[in-house]
Amino acid sequence: MSAGNIVKSLCEFFVYKSPPRVGNFFPLSNDIFNLDLCAGEIALYSYLMRMEDRKTYSCYPSFKTIGKALRMSRNTVMKYVHSLEEKGLITTEHTSVITSAGLKRNGNLKYQLLPIKSAVDEFHQKQINSGGIK
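Cut-offs applied
Residues numbered from 1 in each chain as written. Predicted model: local features only at pLDDT ≥ 70, side-chain atom pairs only at ≥ 80, totals over all residues. Heavy atoms only, no water. Pairing = 2+ DSSP bridges. Helix = DSSP H or I, 4+ residues; strand = E, 2+ residues; numbered from the N terminus. Contact = heavy atoms within 4.5 Å. Axes fitted to C-alpha atoms, helices over the stretch in contact; angles between N-to-C directions. pLDDT = per-residue confidence, 0-100. Core = buried A, V, L, I, M, F, W, Y, C linked by side-chain atoms within 4.5 Å. Buried < 20%, exposed > 50% of the residue type's maximum accessible area, 1.4 Å probe, protein only. Parallel < 35°, antiparallel > 145°, perpendicular 65-115°, else oblique. Nonpolar A, V, L, I, M, F, W, Y, C, P; charged D, E, K, R; others polar.

## Things to note about the sheet that holds strand β2 (residues 90-93)
Within a sheet, adjacent strands bond to each other through the backbone by hydrogen bonds, running parallel or antiparallel. Pairing in this open sheet of three strands is antiparallel, and the strands run β1-β5-β2 from one edge to the other. Edge positions in the open sheet fall to β1 (58-59) and β2, since each of these has one partner strand only. The pairing of β1 with strand β5 (residues 110-113) spans two bridges and is classified as antiparallel. Across the sheet, the residue bridging to cysteine 59 is tyrosine 111, located in β5. Each of β1, β2 and β5 touches helix α2 (residues 39-51); the most contacted strand, β5, lies at about 100° to it.

## A word on the confidence of the model for the protein
Taken as a whole, the protein shows an average pLDDT of 83; of its residues, 81% reach a score of 70 or greater. Taken as a whole, residues 7-11 scores under 50 in pLDDT and shows one contact with residues more than four places along the chain or in a different chain.

## Some remarks on the nonpolar core
Counting 26 residues, the largest nonpolar core has Ile32, Leu35, Tyr45, Leu48, Leu89, Ile90 and Tyr111 as its most contacted members. Elements represented by at least two residues in this core include exactly α2, α3 (63-70), α4 (74-86), β5 and α5 (116-130). Filtering out sequence-adjacent residues up to four positions away, leucine 89 remains in contact with Ile32, Leu35, Leu37, Tyr45, Leu84, Gln112, Leu113, Leu114, Ile116 and Ala119.

## Concerning the packing of α2 against α4
If you want to describe how two helices pack, look at the angle between their axes and the distance between the axes. For the pair α2 and α4, the least separation of the axes is 10 Å and the interaxial angle reads 80°. As the angle between them shows, α2 and α4 are arranged roughly perpendicular. Between α2, through Gly40, Glu41, Leu44 and Tyr45, and α4, the contact on the second element is made entirely by Val77, Tyr80, Val81, Ser83 and Leu84. Among the residues making up the contact of α2 with α4, the classes are represented as six nonpolar, two polar and one charged.

Put into structure tokens, the structure is as follows:
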């Protein structure tokens, strides 16, 4: 196997690909329950997975949209987004939009879902480093 093929194989191995949707359903890994997440964090992660574009692995719902769907306040959504970022399940990126008047304004966050397995591995490593399981 040539060096180029090895690199290509490694790149394909480490690229995160969400499982395909089946009808109106999407698979959520059982590993999500191994991360010591509260119900709100699981609900938010599930909602983002539902909204995710399976080609770009990202989505752009506003805090207000998420809050309305999950019956949470904007502040609670913000808290859970921050928590999921800290736990390595998502990344966020600020976006901007140009209004019809030509003004630049802040847009919604761009959410990128990360592989649950890497978050589980990180969670277990933190437990080992802290000297025990909660």
